[in-house]
Amino acid sequence: MHQMTPPPTPLVRRLLPKGPVPAWLLAVLGLVALLAIAVPLVIVANAPRIVPVAKKVARAIPPPRVIPPAELPPVEPAVFVALAPQEALAYNASIPFSSAPLLPARPFKVIGDEASIARATDCLTAGVLYEAGDDTVGQRAVAQVILNRVRHPAFPKTVCGVVFQGAERRSGCQFTFTCDGALARRYSDEAWGRARDVAATALAGSVEKAVGTATHYHTNWVVPYWSSSLDKISEVHTHLFFRWTGWWGTPPAFRGRYLANEPLIAKLKGIAPSHGEASDLLAGGDVPVDAALLPPDALPQPLASDPNSFLVTLDPRLPPAEYAAFAGRVCGDRPYCKLLAWTDRADTPAALPGDPRQMERLAFSYLRDRTRNFDKALWACDRFARPDPTQCMKVQVFAPAAAKADAFKLEAMPGSGLRAALGLGEQREAPPAELGGVRRKTGTLAPPTAATPPPPVKQATGPAAAKPD
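Residues numbered from 1 in each chain as written. Predicted model: local features only at pLDDT ≥ 70, side-chain atom pairs only at ≥ 80, totals over all residues. Heavy atoms only, no water.

J.: How would you summarise the sheet that holds strand E7 (residues 364-369) if you had to cite specific residues and measurements?
T.: Pairing within the open sheet is mixed, and its four strands lie in the order E5-E6-E7-E8. The sheet is open, and its two borders are formed by strand E5 (309-313) and strand E8 (374-379), each paired with just one other strand. On average, adjacent strands in this sheet sit at an angle of 10° to one another, irrespective of strand direction. Strand direction decides the pairing type here: strand E6 (residues 336-342) and E7, joined by six bridges, are antiparallel. Counted as the bridge partner of Leu 339 is Tyr 366 from E7. The sheet contacts of helix H8 (residues 323-331) involve E5, E6, E7 and E8, and relative to E7 the element is tilted by about 50°. (Pairing = 2+ DSSP bridges. Helix = DSSP H or I, 4+ residues; strand = E, 2+ residues; numbered from the N terminus. Axes fitted to C-alpha atoms, helices over the stretch in contact; angles between N-to-C directions. Contact = heavy atoms within 4.5 Å.)

The structure is reproduced here in structure tokens:
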């Protein structure tokens, strides 16, 4: 069906010219239409290319991994700046608290047989009671510091070893009640029982968050020399708590393994039932010996020909994990020291060079050379399992021809490889050792009132200094 075109509207009829449309008008309209199409095409064709930009996603950049130093920080003895209590209070108040987070320690749960756990509990009881008195809040804080030390590689690996570290000396012990005669004073059975409850709770996993990973503390009316080199992190009553700066003060550093075999402590005889049968640390029986607690007269003597070399028969009650600590006790403050050890007295030579068969039975060796920043302990891993293979001696058979006195060097003992690796030669004179302790920050400890050279040193002798650690 043909569709009819509708007639134009009145508005269109008025706009249309009357008669035929002129040719020029058609040309103009055509040109306009052509330009309306061409101009946008030209603009689009010549426009700059738009490159889509991907949206940047913010990514968290992990902090640089902190590698622990190879050298453990030394533990400084209890030595104090000679200040009056009021001066010490002012100086301690001037030291700001660390701005780093106060991170809690991991729970510590004691393990071992019943007798060992009883010895650990009594040692911790004595520590918290004689350090904090009959104050439960202070006792919990002290207990946490002691257990932090048990876990830290710089300290003994038993509770009794930590509490009584240095107790064989008249001064320089870590907790002054162990060497200043304070144990002669007896607390009531009720006070001992309350302190023992605190100790047992801490050994069962209770954590005192207020002191974090602190390994040191002191009362605020004394100023130990080490306080200027550590971070002050918290305060409980009149006690200030500190941790090592850097990696050694962070939770990952507390990776030491508890030995779970507590030694007898002769000084607790008559005070703690679990230590009542001990007459001295070297009494018979199978109770282990803690290297940190050996009295000076129980330590071996150096060779007559070399005051820095030792040939030792190891006590069978000394755990292999304690051999390095034992060597450190034997070497003392010597900047250069060499120790060779056997487990059987029949294998231990009286002098060097020993019989080749004796040298093949070597169980442990230790070499220290502080002038070269070297400190190395090696075990015979065919007898003592070690977590790190670099701590193992290499198996070496000694030929009789090698046993010449003029050619023998301890550095060339089995597996040490120290002469070749370090270029060690003859022993050289080393400068006298300074006061041992934690490496200090730059600067000299100067109390606010001091405008002159550092004051004289005094040792802890009384109750006011009985909380130095």
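J.: Summarise the state of the cysteines; cite the residues concerned and give the values.
T.: Counting across every chain of the model gives four disulfides. Shown here is the disulfide that connects Cys 123 with Cys 160, its sulfur atoms set 2.0 Å apart. Since a negative S-S torsion denotes a left-handed disulfide, the Cys 123-Cys 160 link at about 95° is right-handed. Within this pair, whereas Cys 123 is found in helix H4 (residues 114-132), its partner Cys 160 is found in helix H6 (residues 159-163), the two being separated by 37 residues in sequence. Summarising the burial analysis for this pair, Cys 123 and Cys 160 share the class buried. A disulfide bridge connects Cys 331 with Cys 337, and the sulfur atoms are separated by 2.0 Å. An S-S torsion of about -70° defines the bridge between Cys 331 and Cys 337 as left-handed. Neither Cys 331 nor Cys 337 differs from the other in exposure class; each is buried. (Disulfide = S-S within 2.5 Å. Buried < 20%, exposed > 50% of the residue type's maximum accessible area, 1.4 Å probe, protein only.)

J.: Explain the pairing of E7 to me, and be specific about the residues and the numbers.
T.: The element E7 is largely enclosed, with a buried count of six among its six residues. Burial along E7 is two-sided: the face carrying Phe 364, Tyr 366 and Arg 368 and the face carrying Ser 365, Leu 367 and Asp 369 are both buried. Judged from the six bridges that link them, E7 and E8 form a sheet pairing that is antiparallel. Note on E8: the bridge partner recorded for Leu 367 is Lys 376.

J.: An account of unusual backbone geometry is needed here, citing residue identities and associated values.
T.: Positive phi is not limited to glycine here, since His 237 has a value of about 55°. Residue position: His 237 is located in the loop between strand E3 (231-236) and strand E4 (239-243). Here the phi dihedral of Asn 373 falls at roughly 55°; this positive angle occurs in a residue that is not glycine. Position of Asn 373 among the secondary structure elements: in the loop between E7 and E8. Asn 373 sits in the exposed class, given a relative accessible area of 64%.

J.: Describe the sheet that holds strand E2 (residues 216-219), with residues and values.
T.: One open sheet accounts for three strands, arranged E2-E4-E3; its pairing is antiparallel. Because the sheet does not close on itself, it has two edges, and the strands there are E2 and E3. Taking the axes of each pair of neighbouring strands and ignoring which way they run, one obtains an average angle of 25° across the sheet. Note that E3 and E4 share five bridges and pair antiparallel. Among the inter-strand pairings, Val 236 is bridged to a residue of E4, identified as His 239.

J.: Give a detailed account of the packing of aromatic side chains, specifying residues and quantitative values.
T.: Two descriptors summarise a pair of aromatic rings, namely the distance from one centre to the other and the angle between the planes of the rings. Summed over the entire model, instances satisfying the criterion amount to 12 aromatic pairs. Measuring from centroid to centroid gives 5.3 Å for Trp 226 and Phe 242, while their planes differ by 85°, and the two rings are edge-to-face. Here Phe 242 lies in strand E4 and Trp 226 lies in the loop between E2 and E3, a separation of 16 residues in the sequence. Here Trp 226 and Phe 242 have matching classes, each one buried. (Phe/Tyr/Trp six-rings, centres within 6.5 Å; stacked < 30°, edge-to-face > 60°.)

J.: I'd like to hear about the pairing of E2, residue by residue, with values.
T.: Because side chains alternate across E2, one face comprises the buried residues His 216 and His 218, and the other comprises Tyr 217 and Thr 219, equally buried. In the sheet, E2 pairs with E4 via four bridges, with the strands oriented antiparallel. Following the sheet pairing, Thr 219 is matched in E4 by His 239.

J.: Hey, could you go over the nonpolar core for me, with residue numbers and the actual values?
T.: One finds Leu 124, Val 159, Phe 241 and Leu 268 to be the most contacted residues of the largest nonpolar core, which totals 56 residues. Of all the secondary structure elements, the ones that give two or more residues to this core are H4, helix H5 (136-151), H6, helix H7 (189-203), E3 and E4. In terms of residue count, the dominant contributor to this core is H4 (eight residues). In this structure Leu 124 touches Ala 143, Ile 146, Leu 147, Val 159, Ala 199, Ala 202 and Leu 203, once residues within four positions along its chain are discounted. Grouped together as the second largest cluster of nonpolar side chains are 20 residues, Leu 314, Leu 318, Phe 326 and Ala 377 included. (Core = buried A, V, L, I, M, F, W, Y, C linked by side-chain atoms within 4.5 Å.)

J.: Lay out H5 in plain terms, naming residues and giving numbers.
T.: Helix length check: H5 (16 residues) gives 23 Å between terminal C-alpha atoms against 22 Å at 1.5 Å per residue, within 8%. By the criterion of burial, H5 is predominantly enclosed, with 13 of the 16 residues buried. Capping the start of H5, Asp 135 holds a side-chain oxygen 3.3 Å from the backbone nitrogen of Val 137, two or three residues further along. (Expected span 1.5 Å × (residues − 1). Polar contact = N/O pair within 3.5 Å; in protein donor to acceptor, adjacent residues only side chain to side chain.)

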